[in-house]
Amino acid sequence: MAKYYSVASLSERLKETPEGFLICEGVPITRAGDPATIASFEGKPVTINHPEDFVTPDNWRELAVGVVQNVRPGEGEDADKLLADLLITDYEAISAVKSKRLREVSCGYEAEYVEVSPGRGRQENIIGNHVALVASG
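Residues numbered from 1 in each chain as written. Predicted model: local features only at pLDDT ≥ 70, side-chain atom pairs only at ≥ 80, totals over all residues. Heavy atoms only, no water.

(A) The overall build of the protein chain, seen in detail. For the protein chain, the count of helices and strands is 3 helices and 8 strands. Over its C-alpha atoms the protein chain spans a radius of gyration of 15 Å, differing by no more than 12% from the 14 Å that the globule rule assigns to 137 residues. Relative to its 137 residues, the protein chain shows a buried fraction of 41%. Taking as baseline every contact in the protein chain between residues at least 6 positions apart, the subset at least 24 positions apart corresponds to 64%. Carbon and sulfur atoms make up 49% of the accessible area of the protein chain, which totals about 7800 Å². Here the protein chain contributes 14 positive and 22 negative side-chain charges, whose respective centroids are spaced 4 Å apart. (Helix = DSSP H or I, 4+ residues; strand = E, 2+ residues; numbered from the N terminus. Rg over C-alpha atoms; globule rule 2.2 N^0.38 Å. Buried < 20%, exposed > 50% of the residue type's maximum accessible area, 1.4 Å probe, protein only. Contact = heavy atoms within 4.5 Å. Areas by Shrake-Rupley, 256 points an atom, 1.4 Å probe, with all protein chains shown as cover. Lys, Arg positive; Asp, Glu negative; His and termini not counted. Charge placed at Lys NZ, Arg CZ, Asp CG, Glu CD.)

(B) Highlighting the side chain of serine 106. When you line up the elements, serine 106 lands in strand S7 (residues 104-117). At 2.7 Å, the side chain of serine 106 forms a polar contact with the side chain of histidine 50. (Polar contact = N/O pair within 3.5 Å; in protein donor to acceptor, adjacent residues only side chain to side chain.)

(C) Quick peek at helix H3 (residues 91-98). Along H3, the residues that are buried comprise Ala93, Ile94, Ala96 and Val97. The buried residues of H3 occupy an angular sector of 165° when projected down its axis, which confines them to one face. Turned more than 90 degrees from where H3 packs its buried face, Tyr91 and Glu92 sit exposed. Looking at the buried residues of H3, the elements they touch are strand S2 (14-16), strand S3 (22-31), strand S4 (45-48), strand S5 (64-73), strand S6 (81-88) and strand S8 (120-134). Capping the start of H3 is the job of one residue whose side-chain oxygen sits 3.1 Å from the backbone nitrogen of glutamate 92: aspartate 90. Note on H3: the residue one or two positions beyond its end, lysine 100, has a positive phi of about 70°. (Arc of directions from axis to C-beta.)

(D) Structural view of the side chain of threonine 37. Turning to its location among the elements, threonine 37 is positioned in helix H1 (residues 35-41). A distance of 3.3 Å separates a polar atom in the side chain of threonine 37 from the backbone oxygen of isoleucine 126. Those residues in contact with threonine 37 that sit more than four places away from it in its chain are Leu82 and Ile126.

(E) Looking closely at the nonpolar core. Formed by 26 residues in total, the largest nonpolar core has its most connected members in Leu10, Cys24, Ile29, Leu86, Ile88, Val131 and Leu133. Listed by contribution, the elements that provide at least two residues to this core are S3, H1, S5, S6, H3, S7 and S8. Ignoring any residue separated from it by four or fewer positions in sequence, one finds leucine 10 in contact with Cys24, Val27, Leu86, Val97, Leu102, Arg103, Glu104, Val105 and Leu133. (Core = buried A, V, L, I, M, F, W, Y, C linked by side-chain atoms within 4.5 Å.)

Take a look at the structure:
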């Protein structure tokens, strides 16, 4: 499997929890995927920028600033996307999102590349690893 990244913008639907955590609702995280891809992003960490290596139990505590939840297929004009709610739990990350320093997201995932014709291919067996908050994809 190879490692890939995809880019989208945060939605403008931001809410605070009673504790002060930030929920970014309906964030398009990647193009539509099958049930296995959807399930693979559920509960994965949110990071600030992409880590040098993918997130593992060994580095999660250092890298995670939140969690991806409620991953679902989009509807209507978002029907070709996967949407998720990002629960941001880290003060620095919350401040960066609110101040618009970090307003895009980029998914880190593994996938198999299948060539369908010379120079053309598709990704299969997509497995999410993290969703990174980034200034610009």
